[in-house]
Amino acid sequence: MREGDAVIAVMGMTGSGKSTFISYFCDTAAAGHGLRSVTALVEAHVSRERIRGRRVIFVDTPGFDDTTRSNTEVLREIASWLADTYAHDIKLAGAVYLHGIQMPRVGGSAHTNMRLFRELCGDESMASVALVTTHWSRSSEERVAQQQRHDELVGDDAFWRGMVQRGARAFKHDRGPTSARRIVEYLLGRDADVNGGRGIGLRVQREMAGGATLDRTAVGAAIEARIEAMQAAYESQLGDLRRELDEARRARQVNERKIGEIVEERRALEDRLRDEQRKRHRLRVDLDRLRQERSADLQREAENVRHMLEERITAIIAESPLDLDPRVVRERVQRERGKRRRYEQGQKCFVM
Ligand SMILES: Nc1nc2c(ncn2[C@@H]2O[C@H](COP(=O)(O)OP(=O)(O)O)[C@@H](O)[C@H]2O)c(=O)[nH]1
Ligand SMILES: [Mg+2]
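Each value, and the rule that gives it
- Residues numbered from 1 in each chain as written.
- Chains lettered and ligands numbered in written order.
- Predicted model: local features only at pLDDT ≥ 70, side-chain atom pairs only at ≥ 80, totals over all residues.
- Helix = DSSP H or I, 4+ residues; strand = E, 2+ residues; numbered from the N terminus.
- Buried ≥ 20, exposed ≤ 12 C-beta atoms within 10 Å, placed from the backbone.
- Contact = placed C-beta atoms within 7 Å.
- Expected span 1.5 Å × (residues − 1).
- Arc of directions from axis to C-beta.
- Domains from an automatic or database assignment.
- Pairing = 2+ DSSP bridges.
- Axes fitted to C-alpha atoms, helices over the stretch in contact; angles between N-to-C directions.
- UniProt positions renumbered as here; feature names shortened; annotations may be inferred.
- Core = buried A, V, L, I, M, F, W, Y, C linked by C-beta atoms within 7 Å.

A. Spatial organisation of the overall build of the chain. Across its full length, the chain carries twelve helices and six strands. Its C-alpha atoms give the chain principal-axis dimensions of roughly 80 × 65 × 50 Å. Here the chain, with 352 residues, has 32% of them falling under the buried criterion. Sequence-distant contacts in the chain: of pairs separated by 6 or more residues, those separated by 24 or more amount to 74%.

B. Spatial organisation of helix α5 (residues 140–155). Helix length check: α5, at 16 residues, gives a terminal C-alpha distance of 22 Å against a target of 22 Å (1.5 Å per residue), a fit within 8%. Turning to α5, its buried residues number three or more, namely Q146, H150 and L153. End-on, the buried residues of α5 take up no more than an arc of 60 degrees, which puts them together on one face. Turned more than 90 degrees from where α5 packs its buried face, E141, V144, Q148, D151 and G155 sit exposed. Those residues of α5 that are buried lie in contact with β4 (94–100), β5 (129–134) and β6 (169–172).

C. Examining unusual backbone geometry more closely. One non-glycine residue, D89, lies in positive phi territory at about 65 degrees. Owing to 10 C-beta atoms within 10 Å, D89 belongs among the exposed residues under this scheme. The backbone of H135 shows a phi angle near 60 degrees, a positive value even though the residue is not glycine. Looking at the element boundaries, H135 is found in the loop between β5 and α5. H135 sits in the partly exposed class, given 17 other C-beta atoms within 10 Å.

D. Focus on helix α7 (residues 176–195). Compared with an ideal rise of 1.5 Å per residue, which puts 20 residues at 28 Å, α7 spans 28 Å between its outermost C-alpha atoms and is within 8% of the ideal. Among the residues of α7, A180, I183, V184, L187, L188 and D191 are the ones counted as buried. Looking down the long axis of α7, one finds its buried residues gathered within 125 degrees of arc, a one-sided arrangement. Opposite the buried face of α7, at more than 90 degrees from it, the exposed residues are T178, E185 and D193. Of the surrounding secondary structure, the elements contacted by the buried residues of α7 are β1 (6–12), α1 (18–23), β3 (56–60), β4, β5 and β6. Looking one or two residues past α7, G196 carries a phi angle of roughly 60 degrees, positive in sign.

E. Main features of the domain arrangement of the chain. For the chain, the assigned domains are domain 1 (6–209), domain 2 (214–283) and domain 3 (290–351). On a C-alpha basis, the centroid separation for the pair domain 2 and domain 3 is 39 Å.

F. The arrangement of the pairing of β1 in detail. The buried fraction of β1 is high, at seven of seven residues. Summarising the sheet, β1 and β3 pair through five bridges and their orientation is parallel. From the neighbouring strand, V7 faces β3, where its bridge partner is I57. Looking at chain direction, β1 and β4 are connected through five bridges and run parallel. Within the sheet, the bridge partner assigned to A9 lies in β4 and is A95.

G. A look at the environment of K91. Note on placement: K91 falls in the loop between α3 (71–87) and β4. Residues K91 and R198, spaced 107 residues apart in sequence, show a C-alpha to C-alpha distance of 7.0 Å. Once you skip the residues sitting within four places of it in the chain, K91 turns out to touch R198, G199, I200 and G201.

H. Examining the sheet that holds β5 more closely. Read across the open sheet, the six strands follow the order β2-β3-β1-β4-β5-β6; overall the sheet is mixed. Lying at the two open borders of the sheet, with one neighbouring strand each, are β2 (43–46) and β6. In this sheet, adjacent strand axes meet at a mean angle of 25 degrees when their direction is disregarded. Taken together, the six bridges between β4 and β5 define a ladder with parallel strand orientation.

I. Looking closely at the UniProt feature "coiled-coil region" (unreviewed entry) in the chain. According to UniProt, the positions carrying the feature "coiled-coil region" (unreviewed entry) are residues 231–293. Taken end to end, residues 231–293 is 87% helix and 0% strand, and its two terminal C-alpha atoms sit 26 Å from one another.

J. Representation of the nonpolar core. By size, the foremost hydrophobic cluster in this structure holds 67 residues, and its most contacted members are I8, V10, A95 and V96. A total of eight residues in this core trace back to one element, the largest contributor, which is α3. Counting only domains with at least three residues in this core, you end up with domain 1 (6–209) and domain 2 (214–283). Those residues in contact with A95 that lie beyond four places of it in its chain are I8, A9, M11, C121, S128, V129 and L202.

What follows is the structure in structure tokens.
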């Protein structure tokens, strides 16, 4: 980081186009290069060129939709990066939220992502937010339906309307680097006009700087509320099972198999309940604690990624037909090595 650098956070679901968006400005960002979904780490990328006279640091973040990682873990990752940089007095020039307009409807997970984004930023940050639809079609027929969906997003209280009313601006990102640049220029312009170029702190950053544990931040509380709802649902299922079990045991002809099944189901539910409880526990961390745990997590994750890439290289060699040109094999292996290098660079970038 240098004096005058502008930091822009890029958020949204997996596949919404975050890495693609960033790759218009930075050489280090590669869309869908396969590791992101595995590592789901925050990555910082530095722009090639200055925009409105400033070097821009784009922050690529994992979405709250990971199949292998709970929202709690994703929040721990995002919040520790945000809180850590804030503690070093690094403010954000703005935040971009990307949403793929090709999706026929806003599903549960897209909805959760939007909601958590809003809690993360806080309504008071909305003047520095760009809400962006991506994945626009080339076919004019599809574009008509997509335009309708875009308008619905912007006009619906359940989606973007509240944020727009508080100063967020909605954009169509349908012209590759041209529309991407317009969005970034807009945010930098806002930063200059509204914040004198000094940037802002998102709500979660201010909350954690004030010593809050994650579960006491707005976004953490929203996640915890969802966990609680899951727990309540599991508890009620458990209640049903207990009644079923009593009945089965009281039945004139005791059906051992049925009882076995119910007991098995009960055990599975109890496991899930414990998982949810663990997730809640993982939210009870302040910044210091998060920092300590994160460095251990990172080390473990780096080991895993290295191991996975080595395994992939071994598999490429082992599975290549004997009559395949060795140059092709070498090329494939080199591609994997490239991923490893990019991953390691990404990790260094994180430190800033
Ligand atoms: N048609 C279209 N495809 C896109 C767009 N943005 C990203 N993609 C593609 O969608 C996939 C996921 O994009 P990526 O940038 O990796 O998404 P991320 O998970 O949010 O980082 C990639 O295959 C991209 O090439 C877009 O605006 N339009
Ligand atoms: Mg990505």
